[in-house]
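# Coordinate inspection notes
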Amino acid sequence: MRLTNTEVQDILFAGLLHDIGKIGLSDELINKPYEKLCPLDRTIVNKHTIIGEGILMALEPLQGAARIIRSHHECFDGSGYPDRLKGADIPLGARILAVVNDYDALISGALLRVRMLPDRAQQYLVENRGKRYDPQLIDAFLATVNEEDEKEEKTKVIKIKSQHLVTGMTVAKD
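Keep in mind that this is a model prediction, so the values were computed, not measured.

The rules behind these values
- Residues numbered from 1 in each chain as written.
- Predicted model: local features only at pLDDT ≥ 70, side-chain atom pairs only at ≥ 80, totals over all residues.
- Heavy atoms only, no water.
- Helix = DSSP H or I, 4+ residues; strand = E, 2+ residues; numbered from the N terminus.
- Expected span 1.5 Å × (residues − 1).
- Buried < 20%, exposed > 50% of the residue type's maximum accessible area, 1.4 Å probe, protein only.
- Arc of directions from axis to C-beta.
- Contact = heavy atoms within 4.5 Å.
- 1 Å grid on protein atoms, 1.4 Å probe; cavity = no way out; pocket = protein on both sides within 12 Å on 5 of 7 lines; lining within 4 Å.
- Points joined across faces, edges and corners; volume = space filled by probe spheres on them.
- Nonpolar A, V, L, I, M, F, W, Y, C, P; charged D, E, K, R; others polar.

## Details of helix 1 (residues 5-17)
The terminal C-alpha atoms of helix 1, which comprises 13 residues, lie 18 Å apart, in line with the 18 Å expected from a rise of 1.5 Å per residue. Buried within helix 1 are the following residues: Asp 10, Ile 11 and Ala 14. With its buried residues spanning 95° around the axis, helix 1 presents them on a single face. Projecting away from the buried face of helix 1 at angles above 90 degrees are the exposed residues Asn 5 and Leu 16. Close packing links the buried residues of helix 1 with helix 5 (63-71) and helix 6 (92-108).

## Some remarks on the environment of Thr 4
Positionally, Thr 4 belongs in the segment before helix 1. Look at Thr 4 and you get partly exposed, because its relative accessible area is 43%. Thr 4 sits 30 residues away from Tyr 34 along the chain, and the two C-alpha atoms are 33 Å apart.

## Here's the deal with the environment of Val 145
Note that Val 145 resides in helix 8 (residues 135-154). Accessibility expressed as a relative area gives 14% for Val 145, which makes it buried. A sequence separation of 18 residues divides Val 145 from Gln 163, and the C-alpha atoms of the two residues are 33 Å apart.

## With respect to the environment of His 73
One can find His 73 in the loop between helix 5 and helix 6. Given the relative accessible area of 15%, His 73 is considered buried. With 90 residues separating them along the chain, His 73 and Gln 163 place their C-alpha atoms 49 Å apart. Ignoring anything within four residues of it in the chain, the contact list for His 73 reads His 48, Thr 49, Gly 80, Tyr 81, Asn 101 and Arg 132.

## Let's talk about unusual backbone geometry
In the segment running from Tyr 81 into Pro 82, the intervening peptide bond is cis, with an omega of 10°. As for its position among the elements, Pro 82 is in the loop between helix 5 and helix 6. Not every positive phi belongs to a glycine, and Arg 2 is a case in point at roughly 55°. Mapped onto the fold, Arg 2 is located in the segment before helix 1. Take Arg 2: its relative accessible area is 87%, and that puts it in the exposed class. Of note in this structure, Arg 84 is not a glycine but carries a positive phi near 55°. The exposure class of Arg 84 is exposed, given its relative accessible area of 57%.

## With respect to empty space enclosed by the protein
By the definition in use, this model includes one cavity of 30 Å³ or more. What the largest cavity holds in volume is close to 30 Å³. Residue lining of the largest cavity: Glu 74, Phe 76, Ile 90, Arg 95, Ala 98, Arg 132, Tyr 133 and Asp 134, and that is the complete set. Classifying every residue of the lining of the largest cavity gives four nonpolar, no polar and four charged.

## A look at helix 3 (residues 39-46)
Here helix 3 has its buried residues at Asp 41, Val 45 and Asn 46. All buried residues of helix 3 lie within an arc of 135° about the axis, which places them on one face of the element. In this structure, helix 3 carries Pro 39 and Leu 40 as exposed residues pointing more than 90 degrees from its buried face.

So, in structure tokens, the structure goes:
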């Protein structure tokens, strides 16, 4: 995406802290999939982006991340929250975070009722391309995921006991 080191750092911190505004929410609200929340509960949960921004704006090194956190639930078509930003008006970091955050939430079952396999989660992202997500970022994300899958396919992984390790081997999983 040709981002500066500062932009990458802001996105990294935003990714790590994007739900900090949920700190005061009940476990019931946090653990319930968003799609299952009633309208009142959704309104409460939706405020977490503004709260998160407020928490981090006091820390100068995290102000860039704070702005990303505020906008990471904006939708490319303007239907998101909290400011109903549209397209390029949404900070690039927030558009990136929206894709990866939702992909993770789809796989873990936090966004919808069920956990999705990676292929189905990718299909969901494609189906919402131009609506929820920036089309260019979906293309870049899928290209990156496919590139990583190809690397994994090229790397032969074998299961062995530790006493059989030899110099030059790389541990893929502990």
